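Okay, here's what each chain looks like letter by letter:
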Amino acid sequence: MSKKNETNFLYAVAKIKAIENRLLDKSKIERMLDAYTPEDALKVITEADYGYSVSEVSDAHIYEVLLEEEMQKTIKLLSDISPQKEIFDIFMQKNDYHNVKVLLKAEFLGIEKDENLVETGAIELRKMKMSVKERSFIDFPPILRQAINDSLDTFGRTNDPQSIDLILDQACYKQMLESAKSLNNDFVTGLVKALIDTVNIKMFMRLRALKKNWDFAQRVLLKGGSIDTDVYINNLESPVDSVIELLRYTSYGNVCESGIEDFKNTGSVAALEKLCDNYIMGYVKKAKYLSMGMAPLIAYYVAKETEIKNVRIVMTGKINKLPNEQIKERLRDLYV
Amino acid sequence: MEFILQNLNAQTGSFLAILGAAFGFFLAAMGSSKGVGLAGEAAAGVVSEDPGKFVPCMVLQAMPSTQAIYGFIITIMILGKINANLSLEHGFILLFAALPIGFVGFLSAIYQGRVAAAGINMVAKRPEEMVKGIILASMVEVFAIFALLISILLINNVG
């Protein structure tokens, strides 16, 4: 992006830097962990001004409402102050695809699953519901429209709800990458590529564990990442150590080495997932020292998303009375 | 014929000097406007969230305005040298004397504005480090001061 454009973001970036001070830091997360009851833990996030309906939430079990509201609040804040609204499309479009998946699957399985829908899509939820019901996708973006038609078609032939997920996920990241490229900003394109790579690495390990065949892998693995899908497909059946060796000299070397090692020992991808999230956080942390351009705004979004993920981990841990060490193990790196 | 040429020379000398006076100020002031504007946007962002940081933000915002003041000084000095018998040679000297503060002032003010904006972002995070932000922005100021000195030395060539 040209320098001229960069200075358009001065106001927004400075405002975000001031707002970043209010992100939950280590000590606040510690306070949540040290709380005896879930209600006490919830107090920390209500103090941090989470959501809109703070005063009405007294029962710790409905903290999800707060988290959802907080996400909406964040998106509203960012698109209010950003001189270029479309920079958050990459995240909001992801929610569109999620909504479409939920709506289509709910319809085919004949159930109502409204609680899984998210309000923070690029397409308004009410309109989305209507469009899916009436099968009119005229004003949807072309990639989304194509993907919906493909998945309806495939489902009609195979009756396999999983095919909806596969096609829409594939299209979702294609759309994200396209939106990122249209912004012409290296930071954002790099972020989407890193997201694709981390999804692929996780997927790759699951595919191996489930002993899926090449054909299936071809459909599942996302295209457009910095590591080509062929690398995964060719190594689908090679031993774990050679996979680690292969990825060691990419930027994901660290993630793979300890994540896959853990996977080998425990058979769970939890550690790998955490490392992948931390990798993304490490990537966006680069924006911490930038004072102009869109990167700090994107980074704030990712930071908030991670914060909400952490709050969810702590809250579910507290409600299920897990020991603090176990909760801590799952927590993601913070931005601040 | 000779009389006309001499007469023309005298007027061209003044003309060139006035051109220099205008250049020196308008370039430097344009740079300052841009620089203060950049820093001001960042300052507004921080103050909108935290009104208590107005003072440090304002101090940093004002830093790129000095270039316009330097340009102003040079313009006044050049205008002081202009008289009816200014030779063509002196006219040229005064024109070129204005260029250092004009161009250096223009660029340094913009870059200082960027540093000031970054400093304002720093103040948003760590208000106690304001002085460091000011020092960083002053580094850019040094070049504008050099330019001012050179411009003054050049003007002094005209007796």
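From a predicted model like this one, the values you see are computed outputs, not experimental measurements.

Undergrad: What should I look at first to understand the overall build of chain A in this one?
TA: Scanning chain A from N- to C-terminus turns up 17 helices and zero strands. Taken over C-alpha atoms, the radius of gyration comes to 21 Å for chain A, in line with the 20 Å a tight globule of 336 residues would show. Seen through its principal axes, chain A has C-alpha atoms that stretch 50 × 50 × 50 Å. Counting all 336 residues of chain A, 51% fall into the buried class.

Undergrad: I tried to follow the overall build of chain B on my own but got confused; where do I start?
TA: Counting secondary structure elements, chain B contains five helices and zero strands. Each helix and strand of chain B, placed in order from N terminus to C terminus, yields the pattern α-α-α-α-α. For 159 residues, the compact-globule estimate of 2.2 N^0.38 gives 15 Å, and the C-alpha radius of gyration of chain B, at 20 Å, exceeds that figure by more than 25%. Overall size of chain B, expressed as C-alpha extent along the three principal axes, is 70 × 25 × 20 Å. Across the 159 residues in chain B, those meeting the buried criterion constitute 42%. Pairs at least 24 residues apart make up 90% of the contacts formed inside chain B by residues separated by at least 6 positions. When the accessible area of chain B is evaluated, it comes to approximately 7900 Å², of which 75% is carbon and sulfur surface. Treating the 7 positive side-chain charges of chain B as one cloud and the 8 negative ones as another, the clouds have centres 9 Å apart.

Undergrad: How should the domain arrangement of chain A be read in this particular structure?
TA: Many structure descriptions define interface size as the accessible area lost when the parts assemble. All names here are of chain A. In terms of domains, chain A is made up of domain 1 (1-84 + 294-336), domain 2 (88-184) and domain 3 (197-205 + 220-288). Each of domain 1 and domain 3 was reduced to a C-alpha centroid, and the two centroids are 26 Å apart. Counting from both sides, the interface comprises 17 residues of domain 1 and, opposite them, 10 residues of domain 3. Of the roughly 1100 Å² buried between domain 1 and domain 3 on both sides combined, carbon and sulfur atoms contribute 54%. Considering only the side of domain 1, the residues that lose the most area to domain 3 are Arg-332, Asp-333 and Tyr-335, jointly responsible for 49% of the buried surface there. Run the count over domain 1 and domain 3 and you get two salt bridges. Here Lys-309 makes a salt bridge to Asp-277, at a shortest N to O gap of 2.8 Å. Applying the counting rule to domain 1 against domain 3 returns nine residue pairs in polar contact (both at pLDDT 80 or more). Elements supplying a minimum of two residues to the side of domain 1 that touches domain 3: helix H16 (295-319) and helix H17 (324-330). Counting residues per element, the side of domain 1 that touches domain 3 draws most heavily on H16, which supplies seven residues. Partitioned by chemical class, the residues of the side of domain 1 that touches domain 3 number nine nonpolar, one polar and seven charged.

Undergrad: It is not clear to me how helix H2 (residues 54-62) of chain B should be interpreted in this structure. Could you clarify?
TA: The α-helix advances 3.6 residues per turn, and as a result positions three or four apart in sequence lie on the same side. Looking only at H2 of chain B, the buried set comprises Pro-56, Cys-57 and Leu-60 of chain B. Down the axis of H2 of chain B, the buried set is contained in an arc of 100°. They therefore lie on one face.

Undergrad: I keep staring at empty space enclosed by the protein and nothing clicks. Help me out?
TA: All names here are of chain A. The full count for this structure, using the stated rule, is one cavity of 30 Å³ or more. Space inside the largest cavity adds up to approximately 40 Å³. As for the largest cavity, its lining consists of Leu-23, Leu-24, Met-281, Ala-303, Thr-306, Glu-307, Asp-333, Leu-334, Tyr-335 and Val-336. If one sorts the elements of the lining of the largest cavity by residue count, H16 sits on top with three residues. Broken down by class, the residue content of the lining of the largest cavity amounts to seven nonpolar, one polar and two charged.

Undergrad: Before we go on, may I ask you to explain the interface of chain A and chain B in this structure?
TA: Counting from both sides, the interface comprises 17 residues of chain A and, opposite them, 15 residues of chain B. Summed over both partners, the interface of chain A with chain B buries about 1400 Å², with 57% contributed by carbon and sulfur atoms. On the chain A side of the interface with chain B, the three residues burying the most area are Leu-10, Tyr-11 and Ala-14 of chain A, jointly 31% of the side's total. Here chain A and chain B share three salt bridges between them. Applying the counting rule to chain A against chain B returns six residue pairs in polar contact (both at pLDDT 80 or more).

Undergrad: Just to check I follow, could you spell out the nonpolar core for this structure?
TA: One broad trend across soluble globular proteins is that nonpolar side chains are buried collectively. Judged by nonpolar contacts, the single largest core of 112 residues is most densely connected at Ile-45, Ile-148, Leu-191 and Val-284 of chain A. Looking at this core, the element that brings in the most residues is H16 of chain A, giving 13 residues. When neighbours within four sequence positions are excluded, Ile-148 of chain A is seen to be in contact with Val-100, Leu-104, Phe-137, Phe-140 and Leu-168 of chain A. Membership of the second largest hydrophobic core comes to 19 residues, among which are Ala-43, Leu-60, Ile-110 and Ala-117 of chain B.

Undergrad: Could you clarify how one ought to interpret helix H5 (residues 63-81) of chain A in this entry?
TA: Helix length check: H5 of chain A (19 residues) gives 27 Å between terminal C-alpha atoms against 27 Å at 1.5 Å per residue, within 8%. Looking at the buried side of H5 of chain A, the elements it contacts are helix H2 (10-20), helix H4 (38-47), helix H6 (89-109) and H16 of chain A.

Undergrad: What am I meant to see in the layout of surface pockets here?
TA: Over the atoms, a rolling probe the size of a water molecule traces out where space has been left empty. Size it by volume and the second largest pocket reaches roughly 460 Å³. Around the second largest pocket, the lining comprises 16 residues; the ones closest to its centre are Lys-288 and Tyr-289 of chain A together with Asn-121, Lys-125 and Arg-126 of chain B. For the lining of the second largest pocket, the secondary structure elements donating two or more residues are H2 of chain A together with helix H4 (88-125) of chain B. Broken down by element, the residue count for the lining of the second largest pocket peaks at four residues, all from H4 of chain B. The residue makeup of the lining of the second largest pocket, split by class, is six nonpolar, three polar and seven charged.

Undergrad: Got a minute to help me understand a nonpolar patch on the surface in this structure?
TA: All names here are of chain B. Taken together, the side chains of Val-104, Val-142, Phe-143, Ile-145, Phe-146 and Leu-149 define a hydrophobic patch exposed on the protein surface, amounting to about 510 Å² of accessible area. Per element, the largest residue contribution to the nonpolar patch is five residues, and it comes from helix H5 (residues 130-155). Looking at where Val-104 falls in the secondary structure, it is placed in helix H4.

Rules used in this analysis
- Residues numbered from 1 in each chain as written.
- Chains lettered and ligands numbered in written order.
- Predicted model: local features only at pLDDT ≥ 70, side-chain atom pairs only at ≥ 80, totals over all residues.
- Heavy atoms only, no water.
- Helix = DSSP H or I, 4+ residues; strand = E, 2+ residues; numbered from the N terminus.
- Rg over C-alpha atoms; globule rule 2.2 N^0.38 Å.
- Buried < 20%, exposed > 50% of the residue type's maximum accessible area, 1.4 Å probe, protein only.
- Contact = heavy atoms within 4.5 Å.
- Areas by Shrake-Rupley, 256 points an atom, 1.4 Å probe, with all protein chains shown as cover.
- Lys, Arg positive; Asp, Glu negative; His and termini not counted.
- Charge placed at Lys NZ, Arg CZ, Asp CG, Glu CD.
- Domains from an automatic or database assignment.
- Buried area = accessible area lost by both parts, 1.4 Å probe.
- Salt bridge = Lys/Arg side-chain N within 4 Å of Asp/Glu carboxyl O.
- Polar contact = N/O pair within 3.5 Å; in protein donor to acceptor, adjacent residues only side chain to side chain.
- Nonpolar A, V, L, I, M, F, W, Y, C, P; charged D, E, K, R; others polar.
- Arc of directions from axis to C-beta.
- 1 Å grid on protein atoms, 1.4 Å probe; cavity = no way out; pocket = protein on both sides within 12 Å on 5 of 7 lines; lining within 4 Å.
- Points joined across faces, edges and corners; volume = space filled by probe spheres on them.
- Core = buried A, V, L, I, M, F, W, Y, C linked by side-chain atoms within 4.5 Å.
- Expected span 1.5 Å × (residues − 1).
- Patch = residues over 30% accessible without salt bridge, like charges linked within 9 Å, V, L, I, M, F, W, Y side chains within 5 Å.

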